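What follows is each chain in one-letter form.
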Amino acid sequence: MTGLQYATIVICFVMNMLDGMDVMVISYTAPAIAKAWDTSPQALGIVFSSGLVGMTFGAILLAPYADKIGRKSMILLSAILMGSTIFLTSFATSISYLLLCRFISGLGIGSMLASTASLTAEYTPNKTKDFWVSFVISGYPVGAVLSGLVAAKIIPQYGWTIMFQVAGYATLVAIPLIYFFLAESLSFYLKAQPKFALGKINQILLQMGVDTLVVLPDKPSEQHSKSIKSLMTKTYKIPTIQLWVALFLAFATLYFLTSWIPKLATNAGLSIELAIYSGTVFNVGAFIGIITQGYFSSKFGLKKTIGVFLILTAILMAVFQLFIGSDILLFILGLLGFGIQGGFVGLYAVAARMYPTEFRTTGVGWSIGIGRLGGIIGPALGGILIGMGLSMSANFLIYAIPTVFAGIMTLYLSSKEIS
């Protein structure tokens, strides 16, 4: 590991922090928006899902272009989309405007996750790749936690619009960091061989203390189309479908929890500030869970670790009613974040390891995109259930079902690349 590799990891981590902030800012502001606009839970559920629709299209349609234009270029484009539209959300005066801004910002958020995971996988040693991919994606809950702490102070005092402006500025300020300090994928230069590839490759090799090249190696033949057809070949078809199912189910639960925990907490009688902190505790647990999962995966294998995380989370959700009103309720919410995010992010590492460089971002992007279909359904269904008057524990019991099936599907994933 060299300085360039660590710099790549740090920048990708920071971008996922901003990703987490930009996703969660709508959840933290939802109680204030609902109060200011007298908005129903069903309408808020549609707003949550509109961002996820954007993330789906970003992962499926935008992210695969990273295999053509480069990981760094896609990360830069994603940051511009995210920062500008999050800032513009502060001027929303209607649900329709809010829906549009959340959709466009979702495009950048969806492609950002796929591109950072792929770039990290290509700059880290094979032995520790799973840990580093999980570590980089753990920036997501860190950003969610930090933005939650900021939101708890800003929203009650200055209003929800200022929170969107702060989040937008933070993302836009990070753009020079990407442009000047993030390295492009060495594998991308070697395989795609764009203009001036040799000079750019040698610049990276010098920074890594490796001998430079005199000429480029032969360009690999186009064995795989940069499309979904690459994922449906005989080698990848079955494990791809299994991964998609696991991500679909895990996404449904995760985005129900991240979207609705603050609102469910206010329904239970907590103040807006304490409701925001409940979401923050969930994401603190998520960060610890992701790091723990990355460590255990390197020791015991991805499939076993992720499967156990998800199944134990489902059990905890099923018995959540036992902890309602207790002093350890926030701790239990932290454990839920630990389990669902730890297992869920491990599935990103599965995708990054399962597919070759030639279509890695396509594979990761489609996996995330298909998974986000579950993420779209999760919050929207949650809005309907909450609107019907179902309690927090009843909702958790319902969402324990997809969680346990996601764990079982992961345990039986048939890819030869995954232990």
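Above this text sits the structure in question.
Each value, and the rule that gives it
Residues numbered from 1 in each chain as written. Predicted model: local features only at pLDDT ≥ 70, side-chain atom pairs only at ≥ 80, totals over all residues. Heavy atoms only, no water. Helix = DSSP H or I, 4+ residues; strand = E, 2+ residues; numbered from the N terminus. Buried < 20%, exposed > 50% of the residue type's maximum accessible area, 1.4 Å probe, protein only. Polar contact = N/O pair within 3.5 Å; in protein donor to acceptor, adjacent residues only side chain to side chain. Contact = heavy atoms within 4.5 Å. Phe/Tyr/Trp six-rings, centres within 6.5 Å; stacked < 30°, edge-to-face > 60°. Lys NZ or Arg CZ within 6 Å of the ring centre and 35° of its normal. Core = buried A, V, L, I, M, F, W, Y, C linked by side-chain atoms within 4.5 Å. Salt bridge = Lys/Arg side-chain N within 4 Å of Asp/Glu carboxyl O. Axes fitted to C-alpha atoms, helices over the stretch in contact; angles between N-to-C directions. Parallel < 35°, antiparallel > 145°, perpendicular 65-115°, else oblique. Left-handed = near helix turned anticlockwise from the far one by under 90°. Arc of directions from axis to C-beta. Expected span 1.5 Å × (residues − 1). Bend = angle between axes of the 7 residues up to and from the residue. Patch = residues over 30% accessible without salt bridge, like charges linked within 9 Å, V, L, I, M, F, W, Y side chains within 5 Å. Areas by Shrake-Rupley, 256 points an atom, 1.4 Å probe, with all protein chains shown as cover.

Colleague: When you look at the side chain of Arg71 in this model, what are you seeing that I'm missing?
Modeller: With respect to the secondary-structure elements, Arg71 resides in helix H4 (residues 71-89). By relative accessible area, which is 1% here, Arg71 ends up buried. At 2.6 Å, the side chain of Arg71 and the side chain of Glu122 are in polar contact. Ignoring sequence-local partners within four residues, the contact set of Arg71 consists of Ala66, Ser115, Ser118, Leu119, Glu122, Glu184, Ser185, Thr357, Arg360 and Thr361.

Colleague: Hey, could you run me through the packing of aromatic side chains in this one?
Modeller: How two aromatic rings sit relative to each other is given by the distance of their centres and the angle of their planes. All told, the structure shown has 23 aromatic pairs when counted by the stated rule. The interplanar angle of 25° and the centroid separation of 6.2 Å between the aromatic rings of Trp244 and Trp366 together place this pair among those described as stacked. Of this pair, Trp244 sits in helix H12 (residues 237-267) while Trp366 is found in helix H16 (residues 360-387), placing the two residues 122 residues apart along the sequence. In this pair, the class of Trp244 matches that of Trp366, namely buried. For the ring pair Phe251 and Tyr255, a centre distance of 5.3 Å and an interplane angle of 20° mean the geometry is stacked. In this pair, Phe251 and Tyr255 are both assigned in helix H12, four residues apart and thus about one turn of the helix distant. When its relative accessible area of 3% is taken as the criterion, Tyr255 is described as buried. Here the aromatic cluster, defined as three or more aromatic residues joined through ring pairs, consists of Tyr6, Phe13, Phe131, Trp132 and Phe135. Lying over the aromatic face of Tyr179, Lys72 brings its terminal NZ or CZ to 5.8 Å of the ring centre.

Colleague: Is there a simple way to think about the nonpolar core in this case?
Modeller: One broad trend across soluble globular proteins is that nonpolar side chains are buried collectively. Counting residues in hydrophobic clusters, the biggest one holds 117 residues, and the most contacted among them are Met15, Leu243 and Phe396. Per-element accounting of this core gives the leading share, 16 residues, to helix H1 (residues 3-37).

Colleague: What should I look at first to understand the pattern of salt bridges in this one?
Modeller: Oppositely charged side chains can pair when the atoms bearing their charge come close. Applying the stated rule across the entire model yields one salt bridge. We note a salt bridge from Glu122 to Arg71, for which the minimum N-O separation is 2.6 Å. Of this pair, Glu122 sits in helix H5 (residues 95-122) while Arg71 sits in helix H4, and the two are 51 residues apart along the sequence. Residue classification places Glu122 among the buried positions, given a relative accessible area of 15%.

Colleague: Even after reading the chapter, I still don't get the packing of H1 against H5, so can you show me in this structure?
Modeller: When two helices pack together, their arrangement is given by the angle between their axes and by how far apart the axes lie. Between H1 and H5, whose axes approach to 10 Å, the crossing angle comes to 160°. Taken together, H1 and H5 sit at an angle that is classed as roughly antiparallel. The two elements H1 and H5 meet at a crossing, and its hand is left-handed. Of H5, the residues touching H1 (which contributes Thr8, Ile9, Cys12, Met15, Asn16, Asp19, Asp22, Val23, Val25, Ile26, Ile33 and Trp37) are Ile95, Leu98, Arg102, Ile109, Met112, Leu113, Thr116, Leu119 and Thr120.

Colleague: I'm lost on the packing of H1 against helix H2 (residues 41-62) in this one. Help?
Modeller: Viewed as axis vectors pointing N to C, H1 and H2 meet at an angle of 165°, and their least axial separation amounts to 10 Å. When the axes of H1 and H2 are compared, the pair comes out roughly antiparallel. Crossing handedness for the pair H1 and H2: right-handed. Contact residues: H1 offers Val23, Ile26, Ser27, Ala30 and Ala34, while H2 offers Leu44, Val47, Phe48 and Met55.

Colleague: Whenever I open this one, helix H11 (residues 197-207) confuses me. Can you help?
Modeller: Because the α-helix completes a turn every 3.6 residues, residues three or four places apart line up on one side. Along H11, the positions that sit buried rather than exposed are Ala197, Ile201, Asn202, Ile204 and Leu205. Viewed along the axis of H11, the buried residues span an arc of 160°, placing them on a single side of the element. In H11, the exposed positions angled more than 90 degrees off the buried face are occupied by Gln203 and Leu206. Turning to H11, the residues buried within the fold contact H1 and helix H10 (186-192). Gly209 lies just past H11 and shows a positive phi near 70°.

Colleague: Would you mind showing me how to read unusual backbone geometry here?
Modeller: Excluding glycine, a negative phi dihedral is what most residues carry, and trans is how most peptide bonds are arranged. Phi at Asp38 is positive, roughly 55°, even though this residue is not glycine. One can find Asp38 in the loop between H1 and H2. By relative accessible area, Asp38 is classed as exposed at 71%.

Colleague: Explanation requested: helix H7 (residues 139-158) in the structure shown.
Modeller: Between its first and last C-alpha atoms H7 spans 27 Å; for 20 residues at 1.5 Å apiece the expected length is 28 Å, and the two agree. At Ala151, H7 is deflected by roughly 35°, the largest bend along its length. With its phi angle positive at about 100°, Gly159 sits one or two positions after the end of H7.

Colleague: Teacher, can you tell me more about a nonpolar patch on the surface here?
Modeller: The grouping of Ile401, Phe405, Ile408, Leu411 and Tyr412 at the surface amounts to a nonpolar patch, some 520 Å² of accessible area in total. With a relative accessible area of 35%, Leu411 lands in the partly exposed category.

Colleague: Hey, could you run me through the environment of Gly108 in this one?
Modeller: Here Gly108 lies in helix H5. Sequence-wise, Gly108 and Asp19 are 89 residues apart; in three dimensions their C-alpha atoms are separated by 8.8 Å. Other than its neighbours up to four places away in sequence, Gly108 contacts Ser78, Leu81 and Met82.

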